[in-house]
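Structural description and commentary
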Amino acid sequence: MFTSQGEVKSHYRLLHRTIDSFESAELQLKHEQAQASFLRQGITFTVYKDNAGTERTMPFDFIPIIISSEEWQEIERGVKQRLKALNAFLDDIYSEQKILHDEVIPKNLVYDNPYYLKELKETSFPLGNHLFLSGIDLIRDEHGEYRVLEDNLRNPSGLSYMFQNRYVMRQVYPEFFKQHALYTLEEQMDDMRKALMEYSTNGSASTAVLLTPGVFNSAYYDHVFLAQQMGIQLVESPDLVVKDDHVFMRTIYGLKQVDVIYRRIDDEYLDPAHFRPDSLLGVEGLYRAFSQGNVAIVNALGNGVADDKAMYAYVPDMIQYYLNEEPILRNVDTYSLRKPEHRDWVLERLDELVVKNVGASGGYDMLIGPHSTNEKINKFREKIISEPHQYIAQPTIKLSRAPAFQGNEFYPCHVDLRVYAMSGKDIQVIPGGLSRVALKKGSLVVNSSQGGGGKDTWC
């Protein structure tokens, strides 16, 4: 909100003036009203720890992140560029594999990847598109430059929180919106439904469903919200059946054919006849129906090979290879620990770096060197030596900070931004995104499962 000289930035001045007009007690009351609103609406997520699940409301901070129009246009262009390249990569490795033959990317990085599904080679994907909903995580470094921290191309969650943050803000803090002209979010769900239906070959008669693992999934609220807002049925595996290589939904009127499945179930659980036989979440015969072209499944199967943290380091090469362009949004510098020279260098500096498991998410199995104990650093040293291919390392970036109001006080917190994009025949970036904030003082981890919260994002 402020420059390094302590002056309020121009695009924050109106908001700062409005906040300054409130008494501390008024702000605390509004903060409590906002948290109560989330609780009443059941806006929750589940944290898994010690084999048990604890349901929590999403922590919320009322001071929005404001992105100037010039910055947003750059973000939008960068996200579209990145997704075009990532989709081209997925299309390529499941067909001609040119990028591997040209040795731009090491073959073993694809072939040894547990998310690479070799049986999909030469499979036809609707619209030639593997990405329906993507989430690109951005951070802002100490120089004010937006950089990509992570790509989420399988089942990115949190879109509902982005919409509900805005809803709660308008209900509890209407004063903030009087002098600001923002991109609206209301019509985005209609656009998302249209993009989803473009994957069907059945025209206006198409039926789409959202397939959820069920109420015990950590992102179940997300699934309910998206199904309701898009006007499609929310189904679990017992609601679907495959007959003659077509998928049908059970209804009180009998079976109804399903043309598009927006699945929120991981690949390995989708079909017990083809993947994990012990899966109780999937639908037997679903893979066969998909491979015959009788149902579209989005996001596409096999996407995990492209958003693996080890593959992330090669996305700038994909952009240059497929688009012949320089990346608009740069990566955070990344060291692959499968390379001996990188590994040796990193092992000497574990107390200075961030180390991540390439297959983990949500802030799990991650070392933040400067904030870790010697015991944890030594434990990660053993992990890296034992399974170097399983880890990457990055410098500890001085993440940008924004003011937060918690416990009746203002203090600075680290933030990042998840930008969502939906793809049908075209790519559309949803304005704003979900700003995630590390509400624990001094923390660098913004994930809600690790104590982080959310902010509204204005652009």
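Right above here is the structure, for reference.
A brief report on the enclosed structure follows. (Residues numbered from 1 in each chain as written. Predicted model: local features only at pLDDT ≥ 70, side-chain atom pairs only at ≥ 80, totals over all residues. Heavy atoms only, no water.)

Thoughts on the sheet that holds strand 10 (residues 254–257)
Pairing is antiparallel across the open sheet formed by three strands, whose spatial order is 8-9-10. Strands at the two margins of the open sheet, each flanked by one partner only, are strand 8 (240–243) and strand 10. Pairs of neighbouring strands in the sheet enclose a mean axial angle of 40°, with direction left out of account. Looking at chain direction, strand 9 (residues 246–251) and strand 10 are connected through four bridges and run antiparallel. Note that in strand 10 the partner of Met249 across the bridge is Lys256. (Pairing = 2+ DSSP bridges. Helix = DSSP H or I, 4+ residues; strand = E, 2+ residues; numbered from the N terminus. Axes fitted to C-alpha atoms, helices over the stretch in contact; angles between N-to-C directions.)

Digging into the pairing of strand 21 (residues 434–437)
Across the two faces of strand 21 the burial is the same, with Leu434 and Arg436 and Ser435 and Val437 all buried. In terms of strand pairing, strand 19 (residues 409–423) meets strand 21 through four bridges, oriented antiparallel. Residue pairing in the sheet places Asp416 in a bridge with Arg436 of strand 21. Where strand 21 meets strand 22 (residues 453–458), three bridges bridge the pair, whose relative direction is antiparallel. When the sheet's bridge partners are listed, Val437 is paired in strand 22 with Gly453. (Buried < 20%, exposed > 50% of the residue type's maximum accessible area, 1.4 Å probe, protein only.)

Things to note about the packing of aromatic side chains
Within this structure, the stated rule accounts for 22 aromatic pairs. Between Phe62 and Tyr173, the aromatic rings sit 4.9 Å apart at their centres with planes inclined by 20°, giving stacked as the arrangement. With a gap of 111 residues between them, Phe62 in strand 3 (residues 60–66) and Tyr173 in the loop between helix 6 (159–172) and helix 7 (188–197) connect regions that are remote in the sequence. For Tyr173, a relative accessible area of 0% corresponds to the buried category. Ring centres of Phe62 and Phe176 lie 5.9 Å apart, and the angle between their planes is 35°; on these two criteria the pair is classed as tilted. In this pair, Phe62 sits in strand 3 while Phe176 sits in the loop between helix 6 and helix 7, placing the two residues 114 residues apart along the sequence. By relative accessible area, Phe62 is classed as buried at 1%. (Phe/Tyr/Trp six-rings, centres within 6.5 Å; stacked < 30°, edge-to-face > 60°.)

Examining the packing of helix 2 (residues 24–40) against helix 6
How two helices sit against one another is set out by the angle between their axes and by the gap between those axes. In contact at an axis separation of 10 Å, helix 2 and helix 6 are set at 135° when each is read in the N-to-C sense. The orientation of helix 2 relative to helix 6 falls into the category oblique. You can see that helix 2 and helix 6 cross each other, and the crossing is right-handed. Between helix 2 and helix 6, the residues in contact are Lys30, Gln33, Ala34, Ser37 and Phe38 and Gln164, Asn165, Val168 and Val172, respectively. (Parallel < 35°, antiparallel > 145°, perpendicular 65-115°, else oblique. Left-handed = near helix turned anticlockwise from the far one by under 90°. Contact = heavy atoms within 4.5 Å.)

Points about the side chain of Ser423
Assignment of secondary structure puts Ser423 in strand 19. By relative accessible area, which is 3% here, Ser423 ends up buried. Among residues more than four places away in sequence, those in contact with Ser423 are Asn129, Leu131, Phe132, Ala195 and Tyr199.

Regarding the packing of helix 3 (residues 69–93) against helix 11 (residues 315–323)
Running from N to C, helix 3 and helix 11 cross one another at 80°; their axes reach a closest spacing of 9 Å. Between helix 3 and helix 11, the angle falls in the class roughly perpendicular. On helix 11, the residues that touch Gln81, Arg82, Lys84, Ala85, Leu86, Ala88, Phe89 and Asp92 of helix 3 are Val315, Met318, Ile319, Tyr322 and Leu323. In the contact of helix 3 with helix 11, the residues fall into nine nonpolar, one polar and three charged. (Nonpolar A, V, L, I, M, F, W, Y, C, P; charged D, E, K, R; others polar.)

Some details on helix 2
Each α-helix winds once per 3.6 residues, and so residues spaced three or four apart point in a common direction. With 17 residues, helix 2 ought to run about 24 Å at 1.5 Å a step, and its terminal C-alpha atoms sit 24 Å apart, in line with that. When helix 2 is considered as a whole, its buried residues turn out to be Leu27, Gln28, Lys30, His31, Ala34, Ser37 and Phe38. Residues of helix 2 that are buried make contact with helix 1 (13–20), strand 3, helix 6, strand 18 (401–406) and strand 19. A positive phi of about 70° marks Gly42, the residue just after helix 2. (Expected span 1.5 Å × (residues − 1).)

Concerning the pattern of salt bridges
Tallied over the entire structure, the rule returns 24 salt bridges. One salt bridge in this structure joins Arg276 and Asp278, with 2.8 Å as the shortest N-O distance. Where Asp416 meets Arg436, a salt bridge forms, and the shortest distance between an N and an O atom there is 2.9 Å. Of the two residues, Asp416 is situated in strand 19 and Arg436 in strand 21; the sequence distance between them amounts to 20 residues. One continuous salt-bridge network, built from bridges that share partners, spans Asp141, Glu145, Arg147, Arg330 and Asp333. (Salt bridge = Lys/Arg side-chain N within 4 Å of Asp/Glu carboxyl O.)

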